[in-house]
Amino acid sequence: MRTALRALAVTAAALFVATALSPAAEARPEPRAPEEFVALRSVDPTIIQEMRYTTAHTFMGERVDGYRQPVCILTRPAARALHLAQKRLLRQGYALKVYDCYRPQRAVDHFVRWAKALDDQAMKGEFYPLVDKSRLFEDGYIAEKSGHSRGSTVDLTLVRLPALPTRPYRPGERLAPCFAPKGERFPDNSVDMGTGYDCFDTLSHTDDPRIQGAQRANRQFLKRTLTEVGFVNLPEEWWHFTFKPEPFPDTFFDFPVDRRSVGRH
């Protein structure tokens, strides 16, 4: 009996060691954001958040890797600057609405894999109707690195108050071009900027001369408001702004978009 018990003990110990050394046991915990990152809602809960990449309403037609919760995460200086812009806008009857904020590198890698899969064109009818998918890298719509991964870049628009709800996207629904008249493209409670968000077309260039009237005025209003608080617009995308100076100008982070990534910041 004693011999049998000793054998069982040795076997159990061996199993314990094997388990402790298994890949699952050795798996590293998810990276977390540095202390300089915060959830935007903790700085300004009045800014509307429609985090597109947590949904299937993307140019890929699916949720993006690394987006686990619909939460906007930014460096603290960028979040504070948005708060200042929001205070000014609220007095004029408008609010900011963010589509995307910090973007993990794994999400950018997802974009790259999708762009190389030339047969996957499920969302072409809405997001890139006039662009051949084989040109997405050459034309600059997809890249292997994104300023969003540094934490101070945000994609956003303006909403006239009171804000009406935006209906959810239904996978498989009929697609309308992102540059169609506002009443024809996918509904959005924002003001009319001439194109929808993530529209892969030169009409998305902030100062494209074909955009006139109220649409041009809305773009300039957004750009002027954010420029006054320290943001710089990307000329190719009316919705894309980066706060300067960036706290992490050369670092591309990969922690997931999740409230736990910023924890108690």
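Criteria and thresholds
- Counting restarts for each chain, with residues numbered from 1 along the sequence as it is written.
- In keeping with the model being predicted, local features are shown solely for residues with a pLDDT of at least 70 and side-chain atom pairs are shown and tallied solely at 80 or more, while totals for entire chains, interfaces and linings include all residues.
- The side-chain values count all of the structure's non-hydrogen atoms but skip hydrogen atoms and water molecules.
- Here, nonpolar core refers to any group of buried Ala, Val, Leu, Ile, Met, Phe, Trp, Tyr and Cys residues whose side-chain atoms link them within 4.5 Å.
- Only protein chains enter the calculation, and the probe is 1.4 Å; a residue is then buried if its accessible area is under 20% of its type maximum, exposed if over 50%, and partly exposed in between.
- Segments assigned H or I by DSSP are reported as helices when at least four residues long, segments assigned E as strands when at least two residues long, and all are numbered from the N terminus.
- We call two residues in contact whenever any of their non-hydrogen atoms come within 4.5 Å of each other.
- For this analysis, a polar contact is any N or O atom pair within 3.5 Å, provided that within protein one partner can donate a hydrogen and the other can accept it, and provided that sequence-adjacent residues contribute only side-chain to side-chain pairs.
- To estimate how far a helix should extend, the number of its residues minus one is multiplied by 1.5 Å.
- Axis angles are defined between N-to-C directions and span 0 to 180 degrees, where every axis is a line fitted to C-alpha atoms and, for a helix, only to the segment in contact.
- In these notes the angle categories are as follows: under 35 degrees is roughly parallel, over 145 is roughly antiparallel, 65 to 115 is roughly perpendicular, and the rest is oblique.
- Helix crossings are classified by the rotation of the near helix relative to the far one: an anticlockwise turn of less than a right angle makes the crossing left-handed, while a clockwise turn makes it right-handed.
- Each residue receives one of three labels: charged for Asp, Glu, Lys and Arg, nonpolar for Ala, Val, Leu, Ile, Met, Phe, Trp, Tyr, Cys and Pro, and polar for the others, Gly being one of them.
- Any Lys or Arg side-chain nitrogen found within 4 Å of a carboxyl oxygen on Asp or Glu counts as a salt bridge.
- Here, a strand pair is defined by DSSP locating no fewer than two bridges between the strands.

Draft legend 1. Summary view of the nonpolar core. With 62 residues, the main nonpolar core has Leu-82 and Phe-231 as its most contacted residues. Broken down by element, the residue count for this core peaks at six residues, all from helix α4 (residues 76-90). Discounting chain neighbours no more than four positions away, the residues touching Phe-231 are Ala-78, Ala-81, Leu-82, Ser-152, Val-154, Leu-226, Phe-241, Thr-242 and Phe-243.

Draft legend 2. Structural view of the environment of Glu-126. Inspection of the secondary structure assignment puts Glu-126 in helix α6 (residues 124-127). For the pair Glu-126 and Cys-178, spaced 52 residues apart in the sequence, the C-alpha separation amounts to 5.1 Å. Discounting chain neighbours no more than four positions away, the residues touching Glu-126 are His-57, Leu-175, Ala-176, Pro-177, Cys-178 and Phe-186. At 2.9 Å, the side chain of Glu-126 and the side chain of His-57 are in polar contact.

Draft legend 3. Highlighting helix α5 (residues 105-116). With 12 residues, α5 extends 17 Å between its outermost C-alpha atoms, agreeing within 8% with the 16 Å of an ideal straight helix rising 1.5 Å per residue. Taken across its 12 residues, α5 has nine buried, putting it largely inside the fold.

Draft legend 4. Molecular detail of the packing of α4 against helix α7 (residues 213-227). Taken N-terminus to C-terminus, the directions of α4 and α7 make an angle of 130°; their axes are 9 Å apart at the nearest point. Relative to α7, the element α4 lies oblique. Between α4 and α7 the crossing geometry is right-handed. Of the residues in α7, those touching α4 at Leu-82, Ala-85 and Leu-89 are Phe-221, Thr-225 and Leu-226. Partitioned by chemical class, the residues of the contact of α4 with α7 number five nonpolar, one polar and no charged.

Draft legend 5. A look at the pattern of salt bridges. Counted by the stated rule, this structure contains 20 salt bridges. For Asp-155, the salt bridge goes to Arg-103, with nearest N and O atoms at 3.6 Å. With Asp-155 in strand β5 (residues 153-160) and Arg-103 in the loop between β4 (94-100) and α5, this pair connects stretches of sequence that are 52 residues apart. Comparing Asp-155 with Arg-103, the two get one shared label, buried. In this structure, Asp-192 engages Arg-185 in a salt bridge whose closest nitrogen and oxygen atoms are separated by 2.7 Å. Accessibility classification places Asp-192 together with Arg-185 in one group, the buried group. When salt bridges with common partners are traced through the structure, they connect Glu-30, Arg-68, Arg-106 and Asp-254 into a single cluster.

Draft legend 6. The arrangement of the pairing of strand β7 (residues 240-243) in detail. Side-chain alternation along β7 places His-240 and Thr-242 on one buried face and Phe-241 and Phe-243 on a second face that is also buried. When β5 meets β7, the two strands line up antiparallel, connected through three bridges. Looking at β7, one finds that Val-154 is bridged to Phe-241. Of the pairings in the sheet, the one linking strand β6 (residues 231-233) to β7 comprises three bridges and is antiparallel in character. Opposite Phe-231, over in β7, you have Phe-243 as the bridge partner.

Draft legend 7. Up close: the environment of Gly-172. Within the element layout of this structure, Gly-172 appears in the loop between β5 and α7. Judged by its relative accessible area of 73%, Gly-172 falls in the exposed class. Along the sequence, Gly-172 and Ala-122 sit 50 residues apart, while their C-alpha atoms lie 9.0 Å from each other.

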